[in-house]
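Coordinates in review
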Amino acid sequence: MTQPQPTTTPNLPEPKMGFNEYAERLNGRAAMLGFVVALAIEYFTGQGLLSWLGLN
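Attention here is on the structure that accompanies the text. Nothing here was measured: the structure is a model prediction, and the numbers come from that model.

A word on the environment of Asn27
By the secondary structure assignment, Asn27 is in helix H1 (residues 21–45). Here Asn27 falls in the partly exposed class, since its relative accessible area comes to 49%. In sequence terms Asn27 and Leu55 are 28 residues apart; their C-alpha atoms lie 25 Å from each other.

Focus: a nonpolar patch on the surface
On the surface, a nonpolar cluster with roughly 520 Å² of combined accessible area is contributed by Leu49, Leu50, Trp52, Leu53 and Leu55. Within the secondary structure, Leu50 sits in helix H2 (residues 49–53).

Scoring rules and cut-offs
The numbers attached to residues start from 1 for each chain and follow its sequence in the written order. Reporting in this predicted model follows two pLDDT cut-offs: at least 70 for local features of residues, and 80 or more for side-chain atom pairs to be given and counted; totals over whole chains, interfaces and linings ignore these cut-offs and use all residues. Only hydrogens and water are set aside; all other atoms, that is, all heavy atoms of the structure, feed into the side-chain values. To qualify as a helix, a DSSP run of H or I must reach at least 4 residues; to qualify as a strand, a run of E must reach at least 2; elements of each kind are numbered from the N terminus. For each residue, the accessible area found with a 1.4 Å probe, counting protein chains only, is set against the maximum for its type, and the residue is called buried under 20%, exposed over 50%, and partly exposed in between. Here the term patch refers to residues with relative accessible area over 30% and no salt bridge, with like charges joined within 9 Å and nonpolar side chains (Val, Leu, Ile, Met, Phe, Trp, Tyr) within 5 Å. Each accessible area is a Shrake-Rupley estimate made with a 1.4 Å probe; only the visible protein chains count as cover when residues are assessed. One speaks of a salt bridge when a side-chain nitrogen belonging to Lys or Arg is within 4 Å of a carboxyl oxygen belonging to Asp or Glu.

Encoded structure:
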């Protein structure tokens with residue numbers, strides 16, 4: 001006799017921690033925002049980001 005198979009898959013909420021689609025989307029958006037801010041700092045100050053921070 002064969003085992004019965006489920007007809008539907010459970011609809012579980014996606015976790016907010018770890019490597020999942022939500023975390024990757026949030027990380028990508030933060031990286032894009034940081035890149036634009038770094039470009040704006042370089043454009044308005046005429047210095048690179050490291051020079052502006054005093055590290056170069």
